[in-house]
Amino acid sequence: MRTPALIALIFGSVAFATVDPPAATQRDRVAIAVDATKTIGPMSSIWAWFGYDEPNYTYTANGKKLLSELAAASPVPVFVRTHNLLTSGDGVPSLKWGSTNAYTEDAAGRPRYDWTIVDRILDTYLERRMKPLVQLGFMPEALSSHPQPYRHFWKPGDNYNDIFTGWSYPPKDYARWGELTYQLTRHLVQKYGRREIERWWFEVWNEPDIGYWHGTPEEYMKLYDFAAAGVKRALPGARIGGPEVTGPNGPRTQQILREFIEHCLRGANYVTGRIGSPLDLVTFHAKGAPQVQPDGHVRMSVGNQLRAISNGFAIVASFPELKNTPVVIGESDPEGCAACPVRTHPANAYRNGTMYSSYTAEQIARTYQLADLHQVSLAGAVTWAFEFEGQPYFDGFRDLATNGIDKPVLNVFRMLGRMSGRRVWTSSAGALPIEDVRDRSVRAAADVAAFATADARSAAVLVWNYHDDDLPGAASEVDLTISGLPAERASLTHYRVDADHSNAYTVWQQIGSPQSPTAAQLTRLEAAGRLQTLGPPSRVALTAHRVAVSFSLPRQAVSLVKLDW
């Protein structure tokens, strides 16, 4: 996770090939064709991965509610990644902070393990059929080589680097660090069973290329080897990977990612002395870079995020040994600090409304395309957004719900959960080539594109109208044709996220933006936050195995046209 304070470091070398004016042109009518007989690839649920910094939010009332909603949205178990699973503390959460007190030492320096809070977090996931991506971090106070200061008290507006305290340092004893990972995994196997844990993923640390790791890249590899050895000693079939570097758009991060892979494939293991370390999963991050323009509007940069994804994929693909190794984009977001609200970070003004939802549709669909382009085995793309306790309604945090009220972006994931089977061929007269979106972002004409799936009993088409500039724009008139359907009649349901549908933020503004909503207002807001349709489902006749649908698609709107037979 990064804030604007770190953007210059991470993205300083990034430049766009062209600079386009903020005003965007728009096509009057857009023809979109889908052929359900032409398979592109499987519809794997790469989107059903979520994460957050503050693990103790997991078992709050709003945390449980949101986790239940995410689980209900997905046809497969959702994976959840969280920081601070090994951080020392009393379990009281705050922004950018969480703790479990899993490891302490007695007066004689003997290790003491307490899994009470860890269990509470993981139990909450498993009660909802979720699976953890268990992040082995951060460094317990008693193990840290530089423990003080340890607990930070960061708040929005403070220097982001204030969060990097004693938990971010290497261990004073790598053998004890390895024993901690062994004891944790052993406990998990005893509590949940071997077969269950073998369905999870483990990883080591987070963003070791910046302040999250106050050690060298070589020390991170040593940390990884001891952790992997501990996990595998407890459960040889456990799956573990890394290194969760920041977006690989710059040469230093690219080098660290490459060197980590080289170490795992061909380097000397710090524990065994033999060649190679376990690498069941390769992970890295990808972030956009929104900026406030001179006239005050926010300009997104989906291209920056897609370049990071493409660069990471290219590095993985350069190692033939990793052809079938799963890849997870451990954080995949419009920018780098979920806990930085709009009141202190104006560039994050996109988060409450339809800019975030349309960006998400654009980015996820394009991520599938980049995985196809590089021929990598993409398992997941983690949306680093959850909920924040004790914050004002719609305060501009990067979250999926605010005080129990769902934001529009959550409904894009509900749409994706209604898509199944195979990804199939689509063509849109309004779509930009994937290479253009990656290299230049969406700065001239809007991207009016589609992403489609089909199975034996249904077909679904996701359509979006996206532009980087958060400005009003013309609607597109979409003429959608779906062919190759093995039916004569079907039920058609048209789901929509826009200013007037599936949008609690608009309703909240309409009722006066209350910070203490009444019970009646809360009921109305909860209803507005659910996925809505443009109208009731209708029965349609198919002619020659095809159906045509026309509709208006406003700027920043996302539609899902679903056919069932």
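**Examining the overall build of the protein chain**
For the protein chain, the helix and strand inventory stands at 13 helices and 24 strands. Relative to the 2.2 N^0.38 estimate, which gives 24 Å for 565 residues, the radius of gyration of the protein chain is 23 Å and therefore close to what a compact globule would have. Taking the principal axes of its C-alpha atoms as reference, the protein chain extends roughly 75 × 55 × 45 Å. When the 565 residues of the protein chain are sorted by exposure, 61% land in the buried category. Pairs at least 24 residues apart make up 80% of the contacts formed inside the protein chain by residues separated by at least 6 positions.

**Here we look at the pattern of salt bridges**
Evaluation of the coordinates by the stated rule reveals 38 salt bridges. Where E335 meets R351, a salt bridge forms, and the shortest distance between an N and an O atom there is 2.8 Å. With a gap of 16 residues between them, E335 in the loop between strand 12 (326-333) and helix 9 (354-374) and R351 in the loop between strand 12 and helix 9 connect regions that are remote in the sequence. You'll find E335 and R351 in the same group, each marked buried. Between R443 and D468 there is a salt bridge, with the nearest N and O atoms lying 2.7 Å from each other. In this pair, R443 sits in the loop between helix 11 (434-440) and strand 17 (447-454) while D468 sits in the loop between strand 18 (458-466) and strand 19 (476-483), placing the two residues 25 residues apart along the sequence. Assigned by exposure class, R443 and D468 land together as buried. Each of R81, E203, E244, K287, E331, D333, E335, R351 and R398 takes part in a single network of salt bridges with overlapping partners.

**A look at the state of the cysteines**
One pass over the full model with this rule turns up one disulfide. With a sulfur-sulfur separation of 2.1 Å, C337 is cross-linked through a disulfide to C340. Classification of the bridge connecting C337 and C340 rests on its S-S torsion, roughly 75 degrees, and on that basis the disulfide is right-handed. Comparing C337 with C340 shows no difference in burial state: the two are buried.

**Some thoughts on the packing of helix 7 (residues 251-266) against helix 8 (residues 302-317)**
Relative orientation of the contacting elements helix 7 and helix 8 amounts to 30 degrees, with a least axis distance of 10 Å. Between helix 7 and helix 8, the angle falls in the class roughly parallel. In terms of crossing hand, the pair formed by helix 7 and helix 8 is right-handed. Of the residues in helix 8, those in contact with Q254, L257, R258 and I261 of helix 7 are N311, G312 and I315. Taken together, the residues of the contact of helix 7 with helix 8 sort by class into three nonpolar, three polar and one charged.

**Here we look at the confidence of the model for the protein chain**
Of all residues in the protein chain, 95% have pLDDT values of 70 or greater, and the mean over the chain is 95. Note that residues 1-26 has pLDDT below 50 and, in this model, 74 contacts with residues that lie over four places away or in other chains.

**A closer look at empty space enclosed by the protein**
Counted under the stated rule, the structure contains four cavities of 30 Å³ or more. For the largest cavity, the full set of lining residues is S332, D333, P334, Y356, Y359, T360, Q363, T383 and F413. Counting only elements with at least two residues in the lining of the largest cavity, the list comes to strand 12 and helix 9. Sorting elements by how many residues they give to the lining of the largest cavity places helix 9 first, with four residues. Looking at the lining of the largest cavity residue by residue, the class counts come to four nonpolar, four polar and one charged. In this structure, the second largest cavity occupies an estimated 50 Å³ of space. Lining the second largest cavity are G51, Y52, D53, E54, A338, W384, A385, F386, E387, F388 and R398.

**Comments concerning the layout of surface pockets**
Reported here for the largest pocket is a volume of approximately 440 Å³. Those elements that place two or more of their residues in the lining of the largest pocket are helix 9, strand 16 (422-428) and strand 17. Top contributing element to the lining of the largest pocket by residue count: strand 16, with six residues.

**Overview of the pairing of strand 18**
With respect to burial, strand 18 is a largely interior element, nine of its nine residues being buried. Both faces of strand 18 are covered, namely the face carrying S458, A460, L462, W464 and Y466 and the face carrying A459, V461, V463 and N465. Sheet topology places strand 17 next to strand 18; eight bridges connect them, and they run antiparallel. Bridging from a neighbouring strand, A454 pairs with A459 of strand 18. Here strand 17 folds back onto strand 18, and the loop between the two strands holds three residues. With seven bridges connecting them, strand 18 and strand 24 (residues 558-564) associate as antiparallel partners. Within strand 24, the position partnered with S458 by the bridge is D564.

**Considering the packing of aromatic side chains**
One pass over the full model with this rule turns up 31 aromatic pairs. An aromatic cluster of three or more residues is present, and its members are F138, W154, Y160, F164, W167, W177, W205, Y212, W213, Y220, Y224 and F260. The ring of Y182 is capped by R233, whose NZ or CZ atom sits 3.7 Å from the centre of that ring. The residue whose ring lies beneath R239 is W201, and the NZ or CZ to ring-centre distance is 3.7 Å.

**Re the sheet that holds strand 3 (residues 79-82)**
The strand order around the closed barrel formed by eight strands is 2-3-6-7-8-9-12-13, and the pairing between neighbours is parallel. Strand-to-strand twist across the sheet, computed as the mean angle between neighbouring axes with direction ignored, equals 25 degrees. Of the strands in this sheet, strand 9 (281-287), strand 12 and strand 13 (377-384) are in contact with helix 8, which crosses strand 9 at around 160 degrees.

**Things to note about the environment of L257**
By secondary structure assignment, the location of L257 is in helix 7. Remark: the alpha-carbon pair of L257 and G242, spanning 15 residues in sequence, is separated by 9.1 Å. Setting aside chain neighbours within four positions, we find L257 in contact with P243, V245, V282, T283, G312 and I315.

Thresholds, definitions, all that
Residues numbered from 1 in each chain as written. Predicted model: local features only at pLDDT ≥ 70, side-chain atom pairs only at ≥ 80, totals over all residues. Heavy atoms only, no water. Helix = DSSP H or I, 4+ residues; strand = E, 2+ residues; numbered from the N terminus. Rg over C-alpha atoms; globule rule 2.2 N^0.38 Å. Buried < 20%, exposed > 50% of the residue type's maximum accessible area, 1.4 Å probe, protein only. Contact = heavy atoms within 4.5 Å. Salt bridge = Lys/Arg side-chain N within 4 Å of Asp/Glu carboxyl O. Disulfide = S-S within 2.5 Å. Axes fitted to C-alpha atoms, helices over the stretch in contact; angles between N-to-C directions. Parallel < 35°, antiparallel > 145°, perpendicular 65-115°, else oblique. Left-handed = near helix turned anticlockwise from the far one by under 90°. Nonpolar A, V, L, I, M, F, W, Y, C, P; charged D, E, K, R; others polar. pLDDT = per-residue confidence, 0-100. 1 Å grid on protein atoms, 1.4 Å probe; cavity = no way out; pocket = protein on both sides within 12 Å on 5 of 7 lines; lining within 4 Å. Points joined across faces, edges and corners; volume = space filled by probe spheres on them. Pairing = 2+ DSSP bridges. Phe/Tyr/Trp six-rings, centres within 6.5 Å; stacked < 30°, edge-to-face > 60°. Lys NZ or Arg CZ within 6 Å of the ring centre and 35° of its normal.

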